[in-house]
Amino acid sequence: MRQTTVETLKTYMSGVAGTESFLARDAGTQTVSDNTYTQATFGTENFDTGNNFASNTFTAPSSGKYFFFANVSINGTDFSPGNHFVSQFYLNNSALDYFRTVYQDNQSQTVMLEQHLTALLDLSANDTIKVYAKANIENNTARFQDRAFGGFKIAWVIYLIK
């Protein structure tokens, strides 16, 4: 007679997909000061599962890996050679320079540009994420338009064999 040992596989899950997610947007115009990083505003929440998005800021309810995306349409008048637009994420009110987009133009013209950002971040509970942008256009009028900001916690699974 042959004997067989059977092991039990148990699955433990944390950060279930969809439990911490949000999407906010704004199609209105936000006039901003020249060459000054300004927090982008998002007046409409499409969804906010977990109620972690408020005052244009996402606050992580728990530690883990999060994926974020944003876009900011920036336009400026009388753009001159060497002027530029920058969009980036801020973590706990500090710029994440390695997650930013930069556009520099060498023509004299009026410019409208949509900048897209993505980031995969390892956050601790109560860390905050914001979107900032600036337009350096030599004291001319700069505006943010058609903005969106969203994110979600990435689900992960640990398998333990007992």
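Computed from a prediction, not measured in an experiment: that's the story for all the values here.

(A) How the structure looks around the packing of aromatic side chains. All chains considered together, the criterion is met by 16 aromatic pairs. Measuring from centroid to centroid gives 5.0 Å for Phe22 and Phe149, while their planes differ by 85°, and the two rings are edge-to-face. A residue pair is termed long-range when its members are at least 10 positions apart, and Phe22 in strand E2 (residues 21–26) and Phe149 in strand E13 (residues 142–153) qualify at 127 residues. Pairing Phe89 with Phe149 gives two aromatic rings, centres 6.2 Å apart and planes at 40°, and the pair type is tilted. In this pair, Phe89 sits in strand E9 (residues 84–91) while Phe149 sits in strand E13, placing the two residues 60 residues apart along the sequence. Residue class for Phe89 comes out buried when judged on its relative accessible area of 0%. Put simply, the rings of Phe22, Phe42, Phe53, Phe58, Tyr66, Phe68, Phe89 and Phe149 pair up and form one aromatic cluster.

(B) Local environment of the nonpolar core. Ranked by size, the top nonpolar core spans 29 residues in total, and within it Phe68, Phe89, Val131 and Phe149 carry the most contacts. Contacts of Phe68, omitting those with residues within four sequence positions, involve Phe22, Phe58, Phe89, Leu117, Thr118, Ala119, Leu121, Leu123, Ile129, Phe149, Gly150 and Gly151.

(C) Region of interest: unusual backbone geometry. Phi at Asn93 takes a positive value of approximately 70°, unusual for a residue other than glycine. Here Asn93 lies in the loop between E9 and strand E10 (94–104). Of note, Asn126 is a non-glycine position whose phi angle comes to about 75°, a positive value. Tracing the backbone shows Asn126 in the loop between strand E11 (109–123) and strand E12 (128–136).

(D) Geometry of the side chain of Gln115. Here Gln115 is to be found in strand E11. At 3.4 Å, the side chain of Gln115 forms a polar contact with the backbone oxygen of Phe85. Polar side-chain contacts of Gln115 include one of 2.7 Å to the side chain of Ser87.

(E) Structural detail: the confidence of the model for the protein chain. This prediction gives the protein chain a mean pLDDT of 82; 73% of its residues lie at or above 70. Looking across the protein chain, the model is least confident in strand E1 (residues 9–14), with a mean pLDDT of 52, and most confident in strand E7 (residues 57–59), with 98.

(F) Quick look at the environment of Tyr98. Examined against the element boundaries, Tyr98 turns out to sit in strand E10. Once the C-alpha coordinates of Tyr98 and Gln88 are considered, the two residues, 10 residues apart in sequence, prove to be 8.5 Å apart.

(G) Fine view of a nonpolar patch on the surface. Nonpolar side chains collect at one region of the surface, where Phe69, Leu120, Phe152 and Ile154 lie side by side and expose about 310 Å² of accessible area between them. Along the chain, Ile154 falls in the loop between E13 and strand E14 (156–161). The exposure class assigned to Ile154 is partly exposed, which follows from its relative accessible area of 30%.

Cut-offs and rules
Residues numbered from 1 in each chain as written. Predicted model: local features only at pLDDT ≥ 70, side-chain atom pairs only at ≥ 80, totals over all residues. Heavy atoms only, no water. Phe/Tyr/Trp six-rings, centres within 6.5 Å; stacked < 30°, edge-to-face > 60°. Helix = DSSP H or I, 4+ residues; strand = E, 2+ residues; numbered from the N terminus. Buried < 20%, exposed > 50% of the residue type's maximum accessible area, 1.4 Å probe, protein only. Core = buried A, V, L, I, M, F, W, Y, C linked by side-chain atoms within 4.5 Å. Contact = heavy atoms within 4.5 Å. Polar contact = N/O pair within 3.5 Å; in protein donor to acceptor, adjacent residues only side chain to side chain. pLDDT = per-residue confidence, 0-100. Patch = residues over 30% accessible without salt bridge, like charges linked within 9 Å, V, L, I, M, F, W, Y side chains within 5 Å. Areas by Shrake-Rupley, 256 points an atom, 1.4 Å probe, with all protein chains shown as cover. Salt bridge = Lys/Arg side-chain N within 4 Å of Asp/Glu carboxyl O.

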